[in-house]
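# Understanding the architecture of this molecule
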Amino acid sequence: MVTLPENKKRDISKPGKMKIWIYGAPMCGKTYLASQFPNPLILSTDGNIEFCDAPYMLIRDEMKKNGRIEKLTPAWQVFKETIDELAKKDNTFETIVIDLVEDLYESCRLYKYAELGITHESDDGFRAWDKVRTEFMSTMRRVSNLDYNIVWISHEDLTRDIVSANGKVTAIAPNIQPKIANKLSGMMDLVVRCTYERGKREIHIKSDAITFGGVRIPGKIPDVIPMEYSAIETLYTGKKE
């Protein structure tokens, strides 16, 4: 039976869970920033966690032996089983970090290839494109709905040219298909770009025709903030130390 909520306005003055997608060049400090969130668990696809002291799990293919029998568990299945376990809330983690989103998408593709018996989406009359996207998006939506702070990490893509009023320019966006990126961004409160230039680490919040991003947090939001967890927390609380 469905129970309707009480007909009264909700108190949104107190921040709930944070949902942030950060992207940027390799080695600009994205993973370290994510590790500063409250009680994080990093789900790492590339293993680049040597300079972070946060707990982590590697999301990769796992080969287990039982006598002479070897059984391969694909990375995507490992990820889904991890999400099943996290959904139980039988732990003390407060933040789930996915590092990197685009690696997960590739793991999803390979998983579906094996399931469908194909080597590329076009082998299934292009129906596989939809099957892969549906599998990926439905799982990522489940992740975004978990009762944790959610942080997604991606590398940036500087290979796409777009035509603007000033001529051809390079778009700045997460390293994943634009259609996927647009749908993923709708699940987040913030989609921001991290940079490390001239010894300065910053988070760029403002988006435009060139830079991919988005924000749904109410109030006056600055265009740029320091690459620090406290600065992100201030966006949600509105309180400055």
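Residues numbered from 1 in each chain as written. Predicted model: local features only at pLDDT ≥ 70, side-chain atom pairs only at ≥ 80, totals over all residues. Heavy atoms only, no water.

## Side note on the overall build of the protein chain
Worth spelling out the cut-off: Numbered from the N terminus, helices here are DSSP runs of H or I no shorter than four residues, and strands are runs of E no shorter than two. A radius of gyration in this sense is built from C-alpha atoms; the matching globule rule multiplies 2.2 Å by the number of residues raised to 0.38. Two residues qualify as a contact provided that any one of their heavy atoms is within 4.5 Å of a heavy atom in the partner residue. Exposure was quantified through the Shrake-Rupley algorithm and a 1.4 Å probe, taking into account, for residues, occlusion by the shown protein chains and nothing else. Counted as positive: Lys and Arg. Counted as negative: Asp and Glu. His and the chain ends are not counted at all. One atom stands in for each charge, and that atom is NZ of Lys, CZ of Arg, CG of Asp or CD of Glu.
Each helix and strand counted, the protein chain has 6 helices and 14 strands in total. Taking 241 residues into account, the globule formula puts the C-alpha radius of gyration at 18 Å, and the protein chain, at 19 Å, falls close to it. Based on the C-alpha atoms only, the size of the protein chain along its principal axes is roughly 60 × 50 × 45 Å. Taking the intrachain contacts of the protein chain between residues at least 6 apart in sequence as the baseline, contacts between residues at least 24 apart amount to 63%. Just so you have it, the protein chain exposes about 14,600 Å², and 50% of that area is on carbon and sulfur atoms. Of the side chains in the protein chain, 35 bear a positive and 35 a negative charge, and the two mean positions are spaced by 4 Å.

## Some words on the packing of helix α2 (residues 75–87) against helix α4 (residues 127–144)
To keep things clear, this is the line we draw: Lines fitted to C-alpha atoms define the axes, with helix axes restricted to the stretch in contact, and inter-axis angles between N-to-C directions lie between 0 and 180 degrees. Roughly parallel covers angles under 35 degrees, roughly antiparallel covers those over 145, roughly perpendicular covers 65 to 115, and oblique covers all other angles. Crossings are sorted by hand: turned counterclockwise from the far helix by less than a right angle, the near helix makes the crossing left-handed, and turned clockwise it makes it right-handed. Three classes are used, and their members are as follows: Ala, Val, Leu, Ile, Met, Phe, Trp, Tyr, Cys and Pro are nonpolar, Asp, Glu, Lys and Arg are charged, and the others, Gly among them, are polar.
It is the contact of α2 with α4, at a shortest axis distance of 11 Å, that shows an interaxial angle of 25°. Looking at the two axes, α2 sits roughly parallel to α4. Considering the relative orientation of α2 and α4, their crossing is left-handed. Where α2 approaches α4, its residues Trp76, Phe79, Lys80, Ile83, Asp84 and Ala87 are matched on the opposing element by Glu135, Phe136, Thr139, Met140, Arg142 and Val143. Residue composition of the contact of α2 with α4, by class: 7 nonpolar, 1 polar and 4 charged.

## Details of unusual backbone geometry
Note the cut-off: Buried means the residue's accessible area, taken with a 1.4 Å probe over protein chains only, is under 20% of the maximum for its type, while exposed means over 50%, and partly exposed covers the values in between.
Here Asp99 and Leu100 are connected by a cis peptide whose omega angle stands at 25°. You can see Leu100 is positioned in the loop between β6 (95–99) and α3 (101–116). In this structure, Met27 takes a positive phi of about 65° despite not being glycine. Along the chain, the position of Met27 falls in the loop between β1 (19–24) and α1 (30–35). Not every positive phi belongs to a glycine, and Arg198 is a case in point at roughly 50°. Look at Arg198 and you get exposed, because its relative accessible area is 81%.

## So, the nonpolar core
Worth spelling out the cut-off: Think of a nonpolar core as a cluster: buried Ala, Val, Leu, Ile, Met, Phe, Trp, Tyr and Cys residues, connected wherever their side-chain atoms sit within 4.5 Å.
Judged by nonpolar contacts, the single largest core of 36 residues is most densely connected at Trp21, Phe79, Phe136, Trp152 and Leu184. Elements with a contribution of two residues or more to this core: β1, β2 (40–44), α2, β6, α3, α4, β7 (149–157) and α5 (178–185). Examining the composition of this core, we find that 6 residues originate from one element, α2, more than from any other. The contact partners of Trp152, leaving out residues within four places of it in the chain, are Ile20, Trp21, Ile22, Ile98, Val101, Met140, Val143, Ser144, Leu184, Met187 and Met188. Val97, Ile153, Val192 and Met227 belong to the second largest nonpolar core, which has 27 residues in total.

## Focus on the confidence of the model for the protein chain
To keep it simple, the criterion reads: A residue's pLDDT is simply how confident the predictor is in it, with values from 0 to 100.
For the protein chain, the average pLDDT comes to 90, and 95% of its residues sit at 70 or higher. Averaged pLDDT values over the elements of the protein chain bottom out at 72 in strand β8 (residues 161–164) and peak at 98 in β6.

## Observations regarding the pattern of salt bridges
Note the following rule: Counted as salt bridges are all cases of a side-chain nitrogen of Lys or Arg within 4 Å of a carboxyl oxygen of Asp or Glu.
Overall, the coordinates contain 9 salt bridges when judged by the stated rule. Note that Asp84 is salt-bridged to Arg142, the shortest N-O span being 2.6 Å. In this pair, Asp84 sits in helix α2 while Arg142 sits in helix α4, placing the two residues 58 residues apart along the sequence. Salt-bridge contacts for Lys200 lead to Glu202; the nearest nitrogen and oxygen are separated by 3.5 Å. Where salt bridges share partners, they join Glu106, Arg109 and Glu121 into one cluster.

## Examining α4
In plain terms, the rule: Expected helix span is taken as 1.5 Å per residue step, with the number of steps being one fewer than the number of residues.
The terminal C-alpha atoms of α4, which comprises 18 residues, lie 26 Å apart, in line with the 26 Å expected from a rise of 1.5 Å per residue. When α4 is considered as a whole, its buried residues turn out to be Ala128, Val132, Glu135, Phe136, Met137, Thr139, Met140, Val143 and Ser144. At its buried positions, α4 is contacted by β1, α2, β6, α3, β7 and α5.

## Thoughts on the packing of aromatic side chains
Note the following rule: Planes of paired rings set the category: under 30 degrees apart is stacked, over 60 is edge-to-face and the rest tilted, where pairs are Phe, Tyr or Trp rings (Trp by its six-membered ring) whose centres lie within 6.5 Å.
Counted by the stated rule, this structure contains 6 aromatic pairs. Here the aromatic rings of Trp21 and Trp152 are separated by 6.3 Å at their centres, their planes lie at 75°, and the arrangement is edge-to-face. One end of the pair, Trp21, is in strand β1; the other, Trp152, is in strand β7, and 131 residues separate them in sequence. Judged on exposure class, the residue Trp21 and its partner Trp152 are both buried.

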